[in-house]
Amino acid sequence: KTLRVAIMGLGSYGTRVAEAIQSCQRTKLVGVISGTPSKVVAWREKYGIPEKNCYNYENFDAIKDNPDIDAVYVITPNALHKDQVIRVAKAGKHAICEKPMAVNAADGQAMVEACKAAGVHLLIGYRMHFEPNTLEVIRMRKAGEFGDIRFFQGLSGFTIGDPTQWRLDPKLSGGGAMMDIGIYSINGARYMIGEEPIWVTAQEVKTNPEKFKEGIDETITFQLGFPSGVIASCLSTYNMNNLDRFYLNGSKGWAEMQPSTGYGPIKGETNKGPLTEPIVTHQTVQMDEMAAIIFDGKKPEVPVDGEEGVKDMKIIDAIFKAVETGEKVLLNLS
Ligand code: NAD
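Residues numbered from 1 in each chain as written. Predicted model: local features only at pLDDT ≥ 70, side-chain atom pairs only at ≥ 80, totals over all residues. Heavy atoms only, no water.

Peer 1: How should the pattern of salt bridges be read in this particular structure?
Peer 2: Two side chains bearing opposite charge may form a pair once their charged atoms approach each other closely. This structure, assessed with the given rule, holds 23 salt bridges. Lysine 142 serves as the salt-bridge partner of glutamate 301, at 2.4 Å between the closest nitrogen and oxygen. Here lysine 142 lies in helix H5 (residues 132–142) and glutamate 301 lies in the loop between helix H8 (282–296) and helix H9 (306–325), a separation of 159 residues in the sequence. Given the relative accessible area of 47%, glutamate 301 is considered partly exposed. When salt bridges that share partners are traced, they join Arg190, Glu196, Glu308, Lys311 and Asp312 into one network. (Salt bridge = Lys/Arg side-chain N within 4 Å of Asp/Glu carboxyl O. Helix = DSSP H or I, 4+ residues; strand = E, 2+ residues; numbered from the N terminus. Buried < 20%, exposed > 50% of the residue type's maximum accessible area, 1.4 Å probe, protein only.)

Peer 1: Teacher, can you tell me more about the sheet that holds strand E14 (residues 273–274) here?
Peer 2: To summarise the sheet geometry, strands pair through backbone hydrogen bonds and adopt either a parallel or an antiparallel arrangement. Pairing in this open sheet of nine strands is mixed, and the strands run E14-E13-E12-E11-E7-E10-E9-E8-E15 from one edge to the other. Strands with a single pairing partner mark the edges of an open sheet, and in this sheet they are E14 and strand E15 (329–330). With two bridges joining them, strand E13 (residues 268–270) and E14 adopt antiparallel strand pairing. Bridge assignment links threonine 270 to a residue of E14, and that residue is glycine 273. Here H5 sits on the sheet in contact with strand E7 (149–157), strand E11 (243–250), strand E12 (254–257) and E13, set at roughly 170° to E12. Sitting on the sheet, helix H7 (residues 177–193) touches E7, strand E9 (219–225), strand E10 (231–237), E11 and E12, and the angle it makes with E7 is about 160°. (Pairing = 2+ DSSP bridges. Contact = heavy atoms within 4.5 Å. Axes fitted to C-alpha atoms, helices over the stretch in contact; angles between N-to-C directions.)

Peer 1: Before we go on, may I ask you to explain the site of the ligand in this structure?
Peer 2: Ser12, Asn78, Lys99, Arg127 and Trp166 are the nearest of the 23 residues found near the ligand. Within the side chain of arginine 127, an N or O atom sits 2.7 Å from an oxygen atom of the ligand. The side chain of tryptophan 166 places a nitrogen or oxygen atom 2.8 Å from an oxygen atom of the ligand. For the ligand, the accessible surface in isolation is 840 Å², of which the surrounding protein chains cover 79%. Secondary structure elements with two or more residues in the shell around the ligand: helix H1 (12–21) and H7. Viewed by domain, the shell around the ligand spans two of them, domain 1 (3–127) and domain 2 (128–278 + 306–330), each represented by three or more residues. (Near = heavy atom within 4 Å. Polar contact = N/O pair within 3.5 Å; in protein donor to acceptor, adjacent residues only side chain to side chain. Areas by Shrake-Rupley, 256 points an atom, 1.4 Å probe, with all protein chains shown as cover. Domains from an automatic or database assignment.)

Peer 1: Sorry if this is basic, but what is going on with the packing of H7 against H9 here?
Peer 2: Packed helices, taken two at a time, are described by their axes: the angle between them and the distance between them. Contact pair H7 / H9: the axes reach a minimum separation of 10 Å and the direction vectors enclose 115°. Comparing the axis directions of H7 and H9 gives the class roughly perpendicular. For the crossing formed where H7 meets H9, the hand is right-handed. Across the interface between the two elements, Met178, Met179, Ile183, Ile186, Asn187 and Arg190 of H7 pack against Glu308, Lys311, Asp312, Met313, Ile315, Ile316, Ile319 and Phe320 of H9. Within the contact of H7 with H9, the residues separate by chemical class into nine nonpolar, one polar and four charged. (Parallel < 35°, antiparallel > 145°, perpendicular 65-115°, else oblique. Left-handed = near helix turned anticlockwise from the far one by under 90°. Nonpolar A, V, L, I, M, F, W, Y, C, P; charged D, E, K, R; others polar.)

Peer 1: How should I be thinking about the sheet that holds strand E1 (residues 3–8) in this particular structure?
Peer 2: With parallel pairing, six strands are arranged side by side in an open sheet as E3-E2-E1-E4-E5-E6. Where the open sheet ends on each side, the last strands, each with one partner, are strand E3 (54–55) and strand E6 (122–124). Bridge analysis of E1 against strand E4 (residues 71–74) gives four bridges, and the strand direction is parallel. Bridge pairing in E4 links valine 5 to alanine 71.

Peer 1: It is not clear to me how the packing of aromatic side chains should be interpreted in this structure. Could you clarify?
Peer 2: Centre distance and the angle of the planes are the two values used to describe a pair of aromatic rings. In the structure shown here, the tally under the stated rule is six aromatic pairs. Arranged with centres 6.0 Å apart and planes meeting at 20°, the rings of tyrosine 13 and tyrosine 263 form a pair that is stacked. Of this pair, tyrosine 13 sits in helix H1 while tyrosine 263 sits in the loop between E12 and E13; the two residues are 250 residues apart in sequence, bridging distant segments of the chain. A residue is classified by how much of its surface remains accessible, and tyrosine 13, at 14% relative accessible area, is buried. Considering the side-chain rings of phenylalanine 152 and phenylalanine 246, the 5.0 Å spacing of their centres and the 70° angle between planes classify their relative orientation as edge-to-face. You can see phenylalanine 152 sitting in strand E7 and its partner phenylalanine 246 sitting in strand E11, a full 94 residues away along the chain. On the basis of relative accessibility, which here comes to 0%, the residue phenylalanine 152 falls in the buried class. On the basis of relative accessibility, which here comes to 1%, the residue phenylalanine 246 falls in the buried class. (Phe/Tyr/Trp six-rings, centres within 6.5 Å; stacked < 30°, edge-to-face > 60°.)

Peer 1: Mind showing me how you'd approach the nonpolar core here?
Peer 2: Note on soluble globular proteins: their nonpolar side chains tend to be buried together. Core analysis: the biggest nonpolar cluster contains 105 residues, and Ile7 and Leu122 have the highest contact counts within it. Ranked by residue count, the leading element in this core is H7, at 11 residues. Two domains each donate at least three residues to this core, and these are domain 1 (3–127) and domain 2 (128–278 + 306–330). Not counting the four nearest positions on each side in its chain, leucine 122 is found in contact with Val85, Ala95, Cys97, Met101, Met111, Val112, Cys115, Val304, Asp305 and Gly306. (Core = buried A, V, L, I, M, F, W, Y, C linked by side-chain atoms within 4.5 Å.)

Peer 1: Would you take a moment to explain H1 for this structure?
Peer 2: Along an α-helix, residues three or four positions apart point the same way, because every turn accommodates 3.6 residues. Those residues of H1 lying buried are Tyr13, Gly14, Val17, Ala18, Ala20 and Ile21. Buried residues of H1, seen end-on, are gathered within an arc of 165° and therefore sit on one face of the element. Buried-residue contacts for H1 involve E1, strand E2 (27–33), helix H2 (37–47), E4 and H8. (Arc of directions from axis to C-beta.)

Peer 1: So what exactly am I meant to see when it comes to unusual backbone geometry here?
Peer 2: Backbone torsion omega between glutamine 258 and proline 259 reads -5°, so that peptide bond is classified as cis. You can see proline 259 is positioned in the loop between E12 and E13. The residue after glycine 264, namely proline 265, is reached through a cis peptide bond having omega 0°. Mapped onto the fold, proline 265 is located in the loop between E12 and E13. Despite not being glycine, asparagine 242 has its phi angle at roughly 55°, a positive value. Mapping asparagine 242 onto the fold places it in the loop between E10 and E11.

As structure tokens, this is what we get:
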């Protein structure tokens, strides 16, 4: 069965997803939700989208009565995800939502509950969970090829430009680098190590308070502690370029990936040699795998459901608390 998707938010990432869907086997772009009529015209022409599948932010609840759309992919600024996903759920459509799923764990949990109550799937756009080299490292770790895992390092960052963009407006972003890019090191620590963290410590540095206003973190270093004694040491920043690196160390081996979460190709090596899995377009694989999750009940190797998203939000909440208090914050993700 083909997953018929409408994209909400026709910005830069929405455009990337739309292009990637064109190569999908069982996902089709059939609709749009946008506040910009000129974009709707352009997308209709480019992708052959019928007018009856086009909505705006005021009227999209009417998607409820449209039998030709199965799911809505929410690709808007972070702080809008919660209400938009809940409206999608109430319209009886499956919700796919970009990371971060929300701006805090309580909002994320409300989204999970709304989708559960409506009997629809909530899936988060964690494209790395389907990336072949990433899955190979996870397979090797599970097979014991690195021995007992001892340490993970995640470095995630880029230098952000235009100071007027929504990513630097806390009302729309819910936070700075951590929400946007640091989340990759958080999520990566969890899937690379294969455990859930039990504590966090964190430190913030802000060199440009004019650009990075109150509520927008520029650079945060953070540490995560795991039940077996593994520690993760991570960096999230909007003020350094070319920062996209994972390193995993175990008693018998190691894995190193750089780039580790960019659009690819993901490159890396382990103590056994280079990672040589096929290079894929992440979003193409993600969408077809999501079709299989929704229609075939497929269980992905690393989950992409709402609960998975809430775990990352709980860790982000704890990191912000650790920065504020200077103290170690305990986590309970179960
Ligand atoms: P963008 O600014 O390019 O696009 C955002 C879109 O939302 C625009 O089309 C804009 O018109 C629309 N929008 C609707 N209501 C808005 C409002 N009130 N204010 C501002 N814009 C509004 O941003 P983007 O880079 O496409 O990011 C969108 C989402 O996708 C974010 O949650 C981001 O974290 C996520 N994202 C994920 C990845 C990934 O690799 N998974 C990559 C980039 C972005």
